[in-house]
Amino acid sequence: MNQTEFPAITTGTGDLAAYLQSNKDAVDADLFDAGAVLFRGFDVPDPQAFDAAINGYGEAGFTYEDSLSNAVRTNVTPRVFTANEAPPTTEIFLHHEMAQTPIYPAKLFFYCEIAPGSGGATPICRSDWVLDRLSNEAPEFVARVEEQGVRYTNVMPGDDDAGSGQGRSWRSTLSAETTQAAEARLAQLGYSWEWRDGGSLRATTPTLDAIRLLPDGRRSFFNQLIAAFRGWADSRNDSNRAITFGDGTPITNDEMAPAITIADELTYDLAWQAGDVALIDNFAVMHGRRPFNGKRRVLASLIA
Ligand code: FE2
């Protein structure tokens, strides 16, 4: 595929819910080819219309409550939530949604209710293209993450911290009211953990795959390495300690540099217009959030 075909852009008018319902096969074909489809010009005035469009598409949702996402979010409608409540100045780096956990959605919908004043694009990047180039430019790194997998370490607060891009409390993340319930859930998921002063919890994932085989045989750089390495810094977290190879050896700046450079070069900035809806294949395409000024409201929904 030529890079200029990414993302696919479908312009239209009228009701997006009806369009998605009548054209699902064509939409899915575009999604499969491009990895991301932008719907522009349709009549999607508010979150309720976005919720209806998601229902028109007709696939089951992936619920935030059941997920192990680190982001603080709020539901707006049953299927729609705020994408991430981190402050405007915080850049959210490229990632596959929830690839730092064993439970992740297959697709994501985004909806722009209020376009940002300046900045605020959603960068998107094809991970199969990233892996192709990385396999040539850093073959040892690719071989090592493929052979060993990776682990992520995150320190979760006791209560939600909306000032951080990964400020979701361990209580909410693990659906646990007590430390005993949290430990039971972590053990079930294969995590290791350590309680910290002030009621926070340092949790390390089991070994997770960093490369995913797509249905047609392509492979993607399906992981959270770039976002974790570049972005998991807050009052509790040191991003230099966030990622290791499967054997526990930290992944260094030099080892991450080629992936970061290649992904930046392949990134397309989706500059939002109010009413835009984007559908993203979470296994093939990473996304993030550029910093912004002024109001911006981009909502999200996850497909199981
Ligand atoms: Fe995300």
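Reading the values: the criteria
- Residues numbered from 1 in each chain as written.
- Predicted model: local features only at pLDDT ≥ 70, side-chain atom pairs only at ≥ 80, totals over all residues.
- Heavy atoms only, no water.
- Salt bridge = Lys/Arg side-chain N within 4 Å of Asp/Glu carboxyl O.
- Helix = DSSP H or I, 4+ residues; strand = E, 2+ residues; numbered from the N terminus.
- Donors = N, O, S within 2.8 Å, 3.2 Å for Na, K, Ca; no water.
- Buried < 20%, exposed > 50% of the residue type's maximum accessible area, 1.4 Å probe, protein only.

Q: Is there a simple way to explain the pattern of salt bridges in this structure?
A: For the coordinates displayed, the defined rule picks out 17 salt bridges. Here Asp-269 ties to Arg-290 by a salt bridge, and the two come within 3.0 Å at their closest N and O atoms. Remark: Arg-290 occurs in the loop between strand S17 (285–289) and strand S18 (292–293) and Asp-269 occurs in strand S15 (residues 268–270); sequence separation between them is 21 residues. The network of salt bridges with common partners includes Lys-24, Asp-28, Glu-59 and Lys-107.

Q: How should I be thinking about the coordination of the iron ion in this particular structure?
A: Tetrahedral coordination by four donors sets the ideal angle at the metal to 109.5 degrees; octahedral coordination by six donors sets it to 90 or 180 degrees. His-95 (NE2), Glu-97 (OE) and His-287 (NE2) make up the full set of protein donors to the iron ion, lying at 2.1 to 2.2 Å. As a motif over one chain, the donors of the iron ion read H-x1-E-x189-H. Here His-95 is found in strand S5 (residues 92–95), whereas its partner His-287 is found in strand S17, with 192 residues between them in sequence. The exposure class of His-95 is buried, given its relative accessible area of 9%.

Q: Explain unusual backbone geometry here, please?
A: Excluding glycine, residues mostly carry a negative phi; peptide bonds, for their part, are mostly trans. Omega for the peptide link from Phe-6 to Pro-7 comes to -5°, which places this bond in the cis form. In this structure, Pro-7 sits in the segment before strand S1 (8–11). Of note, Met-98 is a non-glycine position whose phi angle comes to about 65°, a positive value. Relative to the assigned elements, Met-98 resides in the loop between S5 and strand S6 (107–114).

Everything listed here is a matter of coordinates, which is why it stays silent on function.
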